[in-house]
Amino acid sequence: MYPEAKSRSAQLYERARKVLPGGNSRTSVFFEPYPVYAAAGHGSRIVDVDGVERIDFVNNYTSLIHGHAHPRIVAAVTEQLHRGSCFAAPTESEIALAEILVERLPAVDQVRFANSGSEGVMMAIKAARGYTGRGKIAKCEGAYHGSYDFAEVSQGVQPQDWGDPDAPRSVPPSRGTPQSVLDEVIVIPYNDSERARRILTPRARELVAIVIDPMSNQCGMVPATPEYLRFMRAFTRAHGIVLIFDEVISFRLDYHGAQGAFACEPDLTALGKVIGCGFPVGAVGGKAEVMAVFDPSRGKPPVPHAGTFNANPITMTAGRVALEMLTREAYQRLNALGDRARAGLEHALAAAGVPGTVTGRGSLFRLFLAEKKDSGYRAMLMSPKEAEMMAELHRYLLNHGFFFSSYGLGNISTAHTEAEIDQFVETVRNGLGVIKQRGLAAE
């Protein structure tokens, strides 16, 4: 049972705290009193260092769309390893992956690879600056876009720092962020076109880009409304502003990415996660005229871009094979499993008599243990009471065979089955019943 002071995970955590701040290198993998340490993964299952096997609905935070150690990906990567893992030279493997992305993404003519989604967003912003010559960006309040200073302003911002809804504050993401960074970022509400218009219009001539995730996890995994996306596209075109889609997570929604699913073409697209399928990856893609800022063939480019492991053949090979397996039929099955999970979770909430909300689309879902009647970051932010309930449910799931995020985010891989979805839903229902019995759930 978790937690157990004598478990191998507990022992590793104490060992890790001596050499790693807080015992880890990723804030997102920590939960109290200690995280579960992984030993192996296969298909839809993850095995911890104590030998406990669980069905995995985290999938390394959406990156493992084919589950763990898929045989085709393992075989292709192993073959490439025997030929070499990285070179101070380009390889055909990056061309092959780029060709697939260009074919699938309506708004992408060319691609530039990096090593994380954070880098993909960063290079998209830098490309926009190089293309327009402007400086300020706008982004949605609360939205997560990685760890680039400008992109992370006001991510995860708490209520005491929000400011007026008509003038959201630019809040530093970490201690020591220069005021000059905050001054270059305009914060707008998610899914509120009129407020966004009032905030953006006086500053339109200063803006280089608007960065938006069309289904932001931190904004509750609620899809952007068609009206909101139409406003964004029309406003940016009218004022010569670059529209950037952060599809690091939402690319997995559709064969043609989020931009295909929502029928809205940005100028630049940031990518990551599933396009490397378990290996470090990031990318920026867009129209050729914008992407030309990276072109070194005529001398120093307007936006230099280097990186020792950019487009390394291991990642490129894994990404190519992963996308080749993500056929239209594979997406149909994935999205049907997502529909099954969301409908099942809604039924589980009702059956347990616990107020809640289920959001998401495609193979992504988010469970909230409170009724959410509006969208936008402020409406979707978990209260302390909700967080307490979710922590209880998270622990219950760990002890009943499921690996699930500690804040309610789930995602489905091609390795999952209908039976596993149904088993997960039933276990959530049982866990909600326990929470209600303990008097934690609101009536």
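Up top is the structure these notes are about.
This one's a predicted model, so the numbers in the text were calculated from it and none came from an experiment. (Residues numbered from 1 in each chain as written. Predicted model: local features only at pLDDT ≥ 70, side-chain atom pairs only at ≥ 80, totals over all residues. Heavy atoms only, no water.)

Colleague: Any chance you could break down the environment of alanine 127 for me, citing the residues and the numbers?
Modeller: Relative to the helices and strands, alanine 127 resides in helix α5 (residues 117-132). On the accessibility criterion, alanine 127 (0% relative accessible area) is buried. For alanine 127 and tyrosine 148, which are 21 residues apart along the polypeptide, the C-alpha to C-alpha distance reads 14 Å. (Helix = DSSP H or I, 4+ residues; strand = E, 2+ residues; numbered from the N terminus. Buried < 20%, exposed > 50% of the residue type's maximum accessible area, 1.4 Å probe, protein only.)

Colleague: Describe in detail the sheet that holds strand β1 (residues 38-42), supporting the description with residues and values.
Modeller: The strand order across the open sheet formed by four strands is β1-β2-β3-β15, and the pairing between neighbours is mixed. Two strands close off the open sheet at either side, each with one partner strand: β1 and β15 (402-403). Bridge count between β1 and strand β2 (residues 45-48): four bridges; the pairing is antiparallel. Its bridge partner lying in β2, alanine 38 is registered against aspartate 48. (Pairing = 2+ DSSP bridges.)

Colleague: Which residues make up the sheet that holds strand β12 (residues 282-286), and what are the values?
Modeller: In spatial order, the strands read β4-β12-β11-β10-β9-β5-β8; together these seven strands make up an open sheet with mixed pairing. The open sheet has two free edges, formed respectively by β4 (110-114) and β8 (185-188), since each of these has just one partner strand. The average undirected angle you get between the axes of adjacent strands in this sheet is 20°. Taken together, the four bridges between strand β9 (residues 207-212) and strand β10 (residues 242-246) define a ladder with parallel strand orientation. Within β10, the position partnered with valine 211 by the bridge is isoleucine 244. Sheet strands in contact with helix α7 (residues 193-200) are β5 (136-140), β8 and β9, and its direction is about 155° off that of β8. (Axes fitted to C-alpha atoms, helices over the stretch in contact; angles between N-to-C directions. Contact = heavy atoms within 4.5 Å.)

Colleague: Kindly report on the pattern of salt bridges, identifying the contributing residues and their values.
Modeller: Inspection of every chain in the model, using the stated rule, returns 25 salt bridges. Across the pair arginine 320 and glutamate 324 runs a salt bridge, and its minimum N-O distance is 3.2 Å. With arginine 320 and glutamate 324 both in helix α11 (residues 313-325) and four residues apart, this pair spans about one turn of that helix. For the salt bridge of glutamate 392 with arginine 438, the shortest nitrogen-to-oxygen distance reads 2.6 Å. Taken as a pair, glutamate 392 in helix α14 (residues 384-398) and arginine 438 in the segment after α15 (418-437) lie far apart in primary sequence, 46 residues in all. Taking the relative accessible area as the measure of exposure, arginine 438 reaches 55% and is therefore exposed. (Salt bridge = Lys/Arg side-chain N within 4 Å of Asp/Glu carboxyl O.)

Colleague: How would you explain α15 if you had to name every residue and give the values?
Modeller: Taking 1.5 Å per residue, 20 residues should reach 28 Å; α15 reaches 29 Å between its end C-alpha atoms and fits that length. Among the residues making up α15, those that are buried are Glu420, Ile421, Phe424, Val425, Thr427, Val428, Gly431, Leu432 and Ile435. Looking down the long axis of α15, one finds its buried residues gathered within 165° of arc, a one-sided arrangement. α15 presents Ala419 and Gln437 as exposed residues on the side facing more than 90 degrees away from its buried surface. (Expected span 1.5 Å × (residues − 1). Arc of directions from axis to C-beta.)

Colleague: Account for the packing of aromatic side chains, naming residues and giving values.
Modeller: The final tally for this structure, using the stated rule, is 15 aromatic pairs. The structure contains a cluster of three or more aromatic residues connected by ring pairs, namely Phe57, Phe365, Phe402, Phe404 and Phe424. (Phe/Tyr/Trp six-rings, centres within 6.5 Å; stacked < 30°, edge-to-face > 60°.)

Colleague: Got a sec to walk through unusual backbone geometry? Specific residues and values, please.
Modeller: Both trends apply: most residues other than glycine have a negative phi, and most peptide bonds are in trans. Residue tyrosine 2 is joined to proline 3 through a cis peptide bond whose omega torsion reads -5°. Cis geometry is found at the peptide bond from glutamate 32 to proline 33, where omega equals 0°. Structurally, the position occupied by proline 33 is in the loop between α1 (8-17) and β1. We note that asparagine 191 has phi near 65°; this positive angle belongs to a residue other than glycine. With a relative accessible area of 15%, asparagine 191 lands in the buried category. Despite not being glycine, alanine 311 has its phi angle at roughly 55°, a positive value. As for its placement among the helices and strands, alanine 311 is situated in the loop between α10 (288-291) and α11.

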